[in-house]
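# Residue-level structural notes
Each chain, written out:
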Amino acid sequence: MSHRPGNEAVDGWSEVSGASGRMVAMTAGTSPSPTEQRETPHRSGFACFVGRPNAGKSTLTNALVGTKVAITSNRPQTTRHTVRGIVHRPDAQLVLVDTPGLHKPRTLLGERLNDVVRTTWAEVDVIGFCLPADQKLGPGDRFIAAELAGIKKTPKVAIVTKTDLVESEQLAQQLLAIDRLGKDLGIEWAEIVPVSAVGDQQVGLLADLLVPLLPEGPTLYPEGDLTDEPEQVMVAELIREAALEGVRDELPHSIAVVVEEMLPREDRPADKPLLDIHANLFIERPSQKGIIIGPKGRRLKDVGSKSRKHIEALLGTPVFLDLHVKVAKDWQRDPKQLRRLGF
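Procedures and definitions
- Residues numbered from 1 in each chain as written.
- Predicted model: local features only at pLDDT ≥ 70, side-chain atom pairs only at ≥ 80, totals over all residues.
- Heavy atoms only, no water.
- Pairing = 2+ DSSP bridges.
- Helix = DSSP H or I, 4+ residues; strand = E, 2+ residues; numbered from the N terminus.
- Axes fitted to C-alpha atoms, helices over the stretch in contact; angles between N-to-C directions.
- Contact = heavy atoms within 4.5 Å.
- Disulfide = S-S within 2.5 Å.
- Core = buried A, V, L, I, M, F, W, Y, C linked by side-chain atoms within 4.5 Å.
- Buried < 20%, exposed > 50% of the residue type's maximum accessible area, 1.4 Å probe, protein only.
- Polar contact = N/O pair within 3.5 Å; in protein donor to acceptor, adjacent residues only side chain to side chain.

What the 3 strands build is an open sheet, ordered 7-8-9; its pairing is mixed. The strands lining the two open edges of the sheet, one partner per strand, are strand 7 (256-264) and strand 9 (319-327). Adjacent strand axes in the sheet meet at a mean angle of 15°, parallel and antiparallel pairs treated alike. Here helix 8 (residues 286-293) sits on the sheet and contacts strand 8 (275-283) and strand 9; the angle it forms with strand 9, its principal contact strand, is near 155°.

Dropping the structure here:
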């Protein structure tokens, strides 16, 4: 039984029946034929990706949707909103809910993020538990699995992410460890699926396996919609993603972005529109201001340049981006500040 990263085929892992579900590692290409699609009732519903911080949930969401709807970073705990990505198929509409990573909270913000996760679990049709292939199961994974074990009716799929980072032997050990984890806690995995969002390995298969777990029903969102996240929130997230790059380990948790205004510039010809965006980057201490701005403002200018490219791609129009850095003292622990910043 082997899986070689980079190969399209995954040898051996087809179906391993067991009390705790099936281990599945087939190649994509299992989409139903046109005949089957006509015979199969349309399904629609919500799937939630959970896991400890930096388990690859946002990257997987983007890969399934086919475009960036959730910010990604090599820093853990970067997701703060439940971003919905919408996957349109002839036989189904799969709405992906990407939550913050469940973690041991150290601040009021952390407690609220955990509350968001648990509330979401109670409302979705299927839960995808993301576990990185390159990291052994740890206390954080067991903590989440124990909480999932208490949710009896919702189907649970174990998703082994980042398979492009490991050799076949390590992947096999991880698959078996996850199978054992389910048995130890009384979780019956509907599926155990290894994927690589970065390498585009088995992403389509994952969608194929999630769809049958959804209820029958009509489409929930219009064709062409990829997310229900407001544009201003997505713009703020793209700015925050750019600000997260290259800063100290502790600083990402201190950055919040609020888009104050998005207005078309007046007196512009119709064929040369320009959207003015004014946004504030909030940090917790005056000493952090210099880190964000950088020597002679170079770092803030770089943040603006990088985020503007993504914003223009998102909105389909040229953008003038006006960024300011402000101090909101200890905002992660202040209920009033949290409300002001949208948490």
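Resuming the write-up.
Let's shift gears to the state of the cysteines. According to the stated counting rule, one finds 0 disulfides in the structure shown. Here cysteine 48 stays unpaired: no disulfide links it, and the sulfur of cysteine 130, its closest cysteine neighbor, is 9.1 Å away.

The next thing to look at is the nonpolar core. Core analysis: the largest hydrophobic core is formed by 26 residues, its most contacted members being Val50, Trp121, Phe129, Leu148 and Ile178. Only strand 1 (43-50), helix 3 (108-121), strand 4 (126-132), helix 4 (139-149), strand 5 (156-161) and helix 5 (168-185) provide two or more residues apiece to this core. Of all hydrophobic cores here, the second largest spans 25 residues; its members include Val257, Val259, Ala279 and Leu300.

Here the focus is the side chain of serine 196. Here serine 196 lies in the loop between strand 6 (191-194) and helix 6 (203-210). Side-chain polar atoms of serine 196 contact the backbone nitrogen of glycine 199, separated by 2.9 Å.

Without other data, these values stay purely geometric and don't point to any function.
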